[in-house]
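# Reading the structure
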Amino acid sequence: MNTTTLTFDETVRSRFSSRAFLPTPLTDDQIRQVLTDAQNSPSNCNTQPWHVHIASGKTKEALTEVMLQNTSKGLITPDFSFDYADFYGDYFDRSQEQARIYYETLGVAREDKAKRNEIYLRNFKFYGAPHVAFLFMPSFGDNIRVASDMGMYGQTFLLSLAARGYAGIPQTLLGFHADAIREILGVSEQYRLLFGISFGYADPSALTHNVRMGRISVDESVTIHS
Ligand SMILES: Cc1cc2nc3c(=O)[nH]c(=O)nc-3n(C[C@H](O)[C@H](O)[C@H](O)COP(=O)(O)O)c2cc1C
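So, here is what we can say about the structure in this document. (Residues numbered from 1 in each chain as written. Predicted model: local features only at pLDDT ≥ 70, side-chain atom pairs only at ≥ 80, totals over all residues. Heavy atoms only, no water.)

## Looking at the pattern of salt bridges
According to the stated counting rule, one finds nine salt bridges in the structure shown. Residues Arg13 and Asp9 are paired through a salt bridge, measuring 2.8 Å at the closest nitrogen-oxygen approach. With a gap of four residues between them, Arg13 and Asp9 both fall in helix α1 (residues 8–14), about one helical turn apart. When salt bridges with common partners are traced through the structure, they connect Asp79, Asp179 and Arg182 into a single cluster. (Salt bridge = Lys/Arg side-chain N within 4 Å of Asp/Glu carboxyl O. Helix = DSSP H or I, 4+ residues; strand = E, 2+ residues; numbered from the N terminus.)

## Notes on the side chain of Thr208
As for its placement among the helices and strands, Thr208 is situated in the loop between β4 (192–200) and α8 (218–221). Not counting chain neighbours up to four residues away, the residues in contact with Thr208 comprise Tyr102, Thr105 and Leu106. (Contact = heavy atoms within 4.5 Å.)

## Considerations on helix α3 (residues 57–72)
Relative to the 22 Å expected for 16 residues at 1.5 Å per residue, α3 spans 23 Å between its end C-alpha atoms, a close match to the ideal helical length. Of the residues making up α3, those classed as buried are Lys60, Leu63, Thr64, Val66, Met67 and Asn70. In the core, the buried residues of α3 are packed alongside β1 (51–56), β2 (131–137) and α7 (178–185). Phi turns positive one or two residues past the end of α3, at Gly74, with a value near 70°. (Expected span 1.5 Å × (residues − 1). Buried < 20%, exposed > 50% of the residue type's maximum accessible area, 1.4 Å probe, protein only.)

## Comments concerning the packing of α3 against α7
Direction vectors running N to C along α3 and α7 enclose 150°, while the axes themselves pass 10 Å from each other. The pairing of α3 with α7 is recorded here as roughly antiparallel in orientation. Considering the relative orientation of α3 and α7, their crossing is right-handed. The segment α3 lies against α7, with Thr59, Ala62, Leu63, Val66, Met67 and Asn70 engaging Ala180, Ile181, Ile184 and Leu185. Of the residues belonging to the contact of α3 with α7, the class tally is eight nonpolar, two polar and no charged. (Axes fitted to C-alpha atoms, helices over the stretch in contact; angles between N-to-C directions. Parallel < 35°, antiparallel > 145°, perpendicular 65-115°, else oblique. Left-handed = near helix turned anticlockwise from the far one by under 90°. Nonpolar A, V, L, I, M, F, W, Y, C, P; charged D, E, K, R; others polar.)

## As for the layout of surface pockets
Here the largest pocket defines a volume of roughly 2000 Å³. Along the wall of the largest pocket there are 43 residues; nearest its centre are Ser17, Arg19, Ser95, Gln98 and Met213. At the level of secondary structure, the elements contributing two or more residues to the lining of the largest pocket comprise α1, α4 (89–105), α5 (113–121), α6 (144–163) and β3 (167–171). Element by element, the count of residues in the lining of the largest pocket is highest for α4, at eleven residues. Grouping the constituent residues of the lining of the largest pocket by class yields 22 nonpolar, twelve polar and nine charged. (1 Å grid on protein atoms, 1.4 Å probe; cavity = no way out; pocket = protein on both sides within 12 Å on 5 of 7 lines; lining within 4 Å. Points joined across faces, edges and corners; volume = space filled by probe spheres on them.)

Structure, rendered in structure tokens:
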């Protein structure tokens, strides 16, 4: 079993959202190492609100089938809202820029709706990943604090994958099918689906494998007071 991990610097800089995976599965031990890392995430008052379900194999295939069916019928059941129309100003521009980079890398024209839709649907095929983790949470108050704890967990999970030579992608879009996912996985109604993380080994031959989304400078995000 490979237990070697990258340095922190290498880990943070090598992590990226992979949108193409090899079918090769991770072993149960490899997955457990990642889960054990993620379990060390901080949370408000150490509430540890993450309820995580991992799906692989036939369960994952059943999820894909129902998500594609529901999408084709225009049926979505998100627990939390998500609308590109909510972005504005710089936030909107950045979202457009990342979409532009992605579609350009794949050689897809903006007006090619059929191809763009096919690429959108890859979300529900987990981008070919052999595993997916669904991050469910209980509901407290306005849910903002719980969601921030879940984000902490998600990032530790993603960095653990990167440190160990695997790859992942967080996916809000999986949360669009919360009811169907709860039903297939037997998850109680009391848990809400914030997002999923598809994971496995990145496919190095994918067109998008070496694409990295840029970041604004530290000085644009941070104000230092002294
Ligand atoms: C909470 C969260 C949800 C996301 N949801 C999706 C998604 O549904 N589908 C997708 O293709 N990418 C999704 N992404 C990936 C972002 O597009 C990606 O993180 C961003 O463009 C920066 O690129 P990088 O992760 O490669 O650095 C999500 C990222 C986060 C943090």
